[in-house]
Amino acid sequence: MQQQLQNRVNQLLKSQIQEWELAAKNYLGLSGALKKHFLLGGDVGVDVQYNPERIYSSSAKVDTKSITERKCFLCPAHLPSQQKSVGLGKDYLILVNPFPIFPRHLTIPHRNHQPQLILGNFGTMLNLARELDEFEIFYNGPRCGASAPDHFHFQAGNKGFMPILEDFLTVHRTVIKGNKDARAMYFDKYIRKCIILQSNEKQILTHWFDQLYQIMAQMTGHEPEPMMNILASWDKGQWLVFIFPRMLHRPWQYFDETQQKILLSPASVDLGGVLITPREEDFKKITPSDIIDIFGQVTWNDSNFEKLIELFSKT
Ligand SMILES: [Zn+2]
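Residues numbered from 1 in each chain as written. Predicted model: local features only at pLDDT ≥ 70, side-chain atom pairs only at ≥ 80, totals over all residues.

Moving on to the overall build of the chain. Within the chain, the regular secondary structure consists of twelve helices and 13 strands. A compact globule built from 315 residues should have a C-alpha radius of gyration of about 20 Å, and the chain, at 19 Å, falls within 12% of that. Dimensions of the chain, computed from C-alpha atoms along their principal axes, come out at roughly 50 × 50 × 40 Å. Burial statistics for the chain: of 315 residues in total, 39% are counted as buried. (Helix = DSSP H or I, 4+ residues; strand = E, 2+ residues; numbered from the N terminus. Rg over C-alpha atoms; globule rule 2.2 N^0.38 Å. Buried ≥ 20, exposed ≤ 12 C-beta atoms within 10 Å, placed from the backbone.)

Strand order in the open sheet formed by ten strands is β3-β4-β5-β7-β6-β11-β12-β10-β9-β8, with antiparallel pairing between adjacent strands. Either end of the sheet is taken by a strand with one partner, and the two such strands are β3 (85-88) and β8 (173-178). Ignoring strand direction, the axes of neighbouring strands in this sheet form an average angle of 25°. As paired elements, strand β10 (residues 195-199) and strand β12 (residues 238-245) share five bridges and run antiparallel to each other. If you follow Ser199 over to β12, its bridge partner there is Trp239. The strands touched by helix α7 (residues 202-220) within the sheet are β9 (182-187), β10, β11 (228-235) and β12, with β10 carrying the most contacts at an inclination of about 165°. (Pairing = 2+ DSSP bridges. Axes fitted to C-alpha atoms, helices over the stretch in contact; angles between N-to-C directions. Contact = placed C-beta atoms within 7 Å.)

A few words now on the pairing of strand β4 (residues 92-96). Counting buried residues in β4 gives four out of five residues, a clear majority hidden from the surface. Inspection of the sheet shows β3 paired to β4 by four bridges, in the antiparallel sense. Bridge pairing links Val86 to Ile94 in β4. Taking the residues that link successive antiparallel strands as the turn, the β3-β4 hairpin has three residues, and the phi of Gly89 there is positive, at about 60°. Summarising the sheet, β4 and strand β5 (residues 105-109) pair through two bridges and their orientation is antiparallel. What sits directly across from Leu95, in β5, is Thr107.

With that out of the way, let us pick up the environment of His37. Considering the arrangement of structural elements, one finds His37 in strand β1 (residues 35-41). Sequence spacing of His37 and Asp47 is ten residues, and the spatial spacing of their C-alpha atoms is 4.4 Å.

This brings us to the nonpolar core. Core analysis: the biggest nonpolar cluster contains 72 residues, and Met125, Ala129, Ile137, Ile230, Ala232, Phe242 and Ile243 have the highest contact counts within it. When residues of this core are assigned to their parent elements, the largest contribution, six residues, is made by α7. When sequence neighbours within four positions are dropped, the list of residues in contact with Ala232 reads Met125, Leu126, Ala129, Ile137, Trp239 and Val241. (Core = buried A, V, L, I, M, F, W, Y, C linked by C-beta atoms within 7 Å.)

We now examine the packing of helix α5 (residues 122-131) against α7. Where α5 meets α7, the axes come as close as 10 Å, and the angle between the chain directions of the two elements is 140°. Overall, the two elements α5 and α7 adopt an arrangement that is oblique. Along this stretch, α5 crosses α7, giving a crossing that reads as right-handed. Taking contact as the criterion, the partners of Phe122, Gly123 and Leu126 in α5 are, on α7, Lys202, Leu205, Thr206 and Phe209. Residues of the contact of α5 with α7, tallied by class, amount to four nonpolar, two polar and one charged. (Parallel < 35°, antiparallel > 145°, perpendicular 65-115°, else oblique. Left-handed = near helix turned anticlockwise from the far one by under 90°. Nonpolar A, V, L, I, M, F, W, Y, C, P; charged D, E, K, R; others polar.)

Below, the structure written as structure tokens:
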């Protein structure tokens with residue numbers, strides 16, 4: 001089954017990039033996209049990608065009024081006629097994202113129009129990561145980069161693209177709790193603070209995720225869910241999950257109207273280490289200190305993160 005789904009998805013990518021004009025143009029454009037690499041200190045590096053086609057996603061209006069007034073682009077009835085899909089069980093469709101960041105980029109919407117909320121859906125995310133083991137699955141919360149906060153969806157991008165998996169091998173980590181079957185950890189020195197979970201036991205991961213969710217909800221009180229981005233993948237017989245608690249949707253630079261403006265709306269991929277700048281001027285001028293500043297604004301500060309670890313370690 002696992003191989004079957006991965007193969008069907010690979011076939012879908014191949015045929016859509018060949019046959020769908022919009023996808024063909026944007027995947028070809030992506031292969032020539034300008035990219036820069038920065039070291040943020042220690043062994044931690046990030047890439048910046050100039051990607052003009054992402055302007056619609058980065059600058060998406062996600063307030064309730066704008067959302068209710070537009071036609072939902074993830075509802076099956078509104079998909080472009082050229083868009084083909086692979087069904088995943090009775091609930092999900094796997095689609096090729098026609099505005100890619102990754103050389104292989106998928107959108108995985110629920111078949112029904114229902115809100116973007118992770119509680120109760122984390123297990124599905126793990127199942128997906130296991131079945132599509134050439135990909136990293138990611139989730140953007142409704143106020144953390146999802147451009148369709150009204151329609152539940154995951155995305156997926158091919159492994160080896162976001163630097164965070166490499167960071168996992170090179171950056172020193174501290175274990176919060178665990179045993180031989182499962183570990184919860186964090187990077188000792190990492191500007192974008194995240195909790196890392198690793199195990200082949202789905203039940204433990206789901207239980208830990210629920211605990212983290214509750215603590216984050218208590219600490220921040222955010223509605224409709226504590227703000228977060230999640231990355232999940234399956235590698236060498238284990239799941240590896242990164243959970244980024246969020247403080248802010250968009251940094252001040254996003255809204256600035258002076259020369260300091262940087263149109264960057266951070267979501268999972270940015271936190272995974274590939275920052276997307278849809279405007280060329282931002283791509284040219286952005287510096288490592290801008291990136292450190294932006295990560296600092298949108299993710300948790302030291303004291304909140306330490307409190308989260310303390311509460312989580314006692315559960
Ligand atoms: Zn919809």
